[in-house]
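# Secondary and tertiary structure notes
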Amino acid sequence: MTGTAAGTRTFADARGWVRTGTALLLDAAAGLDEAGFSAPSVLPDWTRKHLVAHVAANADALCNLVHWAATGEETPMYGSAGERAAGIAKGPTLSADELRSWLTNSAHRLAEGLDGLTDEQWQSKVVTAQGRTVPATELPWMRAREVCVHVVDLGSGVVTFADLPRGFLAALAEEIRAKRGLAGLPDGPLPEVAAWLAGRPHSLADAPELGPWL
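Summary of the structure given here. For clarity, every value in this text was computed on a predicted model and none was experimentally measured.

About the criteria used
- Numbering of residues begins from 1 in every chain and follows the order in which that chain's sequence is written.
- The predicted nature of this model means local features are confined to residues of pLDDT at least 70 and side-chain atom pairs, given and counted, to a pLDDT of 80 or more, with totals for whole chains, interfaces and linings taken over all residues.
- Only hydrogens and water are removed before side-chain values are computed, so all heavy atoms of the structure are retained for them.
- Within this document, salt bridges are pairs made up of a side-chain nitrogen of Lys or Arg and a carboxyl oxygen of Asp or Glu, the two lying within 4 Å of each other.
- Note on conventions: DSSP H or I runs of at least 4 residues are helices, E runs of at least 2 residues are strands, and numbering of each starts at the N terminus.
- We call a residue buried when its accessible area falls under 20% of the maximum for its residue type, exposed when it is over 50%, and partly exposed in between, using a 1.4 Å probe and counting protein chains only.
- Whether two residues touch is decided by their heavy atoms; if any such pair falls within 4.5 Å, the residues are in contact.
- N or O atoms closer than or at 3.5 Å make up a polar contact, with two conditions inside protein: a donor-capable atom paired with an acceptor-capable one, and, for residues adjacent in sequence, both atoms drawn from side chains.

Enumeration over the complete set of coordinates arrives at nine salt bridges. The salt bridge partner of Arg-9 is Glu-138, with a shortest N-O separation of 3.3 Å. Remark: Glu-138 occurs in the loop between strand 2 (133-135) and helix 7 (139-153) and Arg-9 occurs in the segment before helix 1 (11-30); sequence separation between them is 129 residues. When its relative accessible area of 12% is taken as the criterion, Glu-138 is described as buried. In this structure, the salt-bridge partner of Glu-174 is Arg-177, at a minimum N-O distance of 3.0 Å. On the criterion of helical spacing, the pair formed by Glu-174 and Arg-177 is a turn pair, its members being three residues apart in helix 8 (residues 166-180). Take Glu-174: its relative accessible area is 26%, and that puts it in the partly exposed class. Among the charged side chains, a salt-bridge network with shared partners connects Arg-145, Glu-175 and Lys-179.

Turning our eyes to something else, we now look at the environment of Lys-49. Note that Lys-49 resides in helix 3 (residues 48-71). Residues in contact with Lys-49, not counting those within four places in the same chain, are Glu-34, Phe-37, Ser-38, Gly-91, Pro-92, Leu-94, Ser-95 and Leu-99. Of note is the side chain of Lys-49, whose polar atom sits 2.6 Å from the backbone oxygen of Leu-94.

As a further point, take unusual backbone geometry. Positive phi values are uncommon outside glycine, yet Asp-45 reaches one of about 70°. Note that Asp-45 resides in the loop between helix 2 (34-38) and helix 3. Taking the relative accessible area as the measure of exposure, Asp-45 reaches 77% and is therefore exposed. For Asp-206, which is not glycine, the phi dihedral falls at a positive 60°. Following the sequence through the fold, Asp-206 ends up in the segment after helix 9 (190-197). Take Asp-206: its relative accessible area is 82%, and that puts it in the exposed class.

Printed below as a string of structure tokens:
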């Protein structure tokens, strides 16, 4: 079970990155008090509460696709066009403890669901929120991007792109480069190149600014 055609990641890689990113995220969230959660994140107009709610809701949504793969019952990530936005907006209404609980419990449910899929079920086709039909083997990569990139977006200084697995950064950079239609990449350390491609703060000189991705 492999990942991209470019060969920059494998199914096993993605599953490992989910575990790593989830552990980093839960650890970072554990260190935030109410004021810390209410502080701005790296993403424009989002507090850390918005960001954590988004990641928690993403796990819930991916659980729907796990259910689809496991049972064959069509279960979209989100029940309506507004459900994703509603999950994000819910964040500021919750206390720090409530957010931590949601983040932790949703991550554990997703991990258990993924662990329970059989080889045959991993090959089941599901549809992402963007309308792409993909095998369930893509779910770990989808989640790895969320937890690894957004733990940096907390902006707490605990985790930076340099703290993420190098293989993840290489796969992320290749995917975003292709999706942005860039022929080449600027010279620089891989963590900084990945941050630049994702539209996050970076230290590269003379690199054109890109809008936020993910």
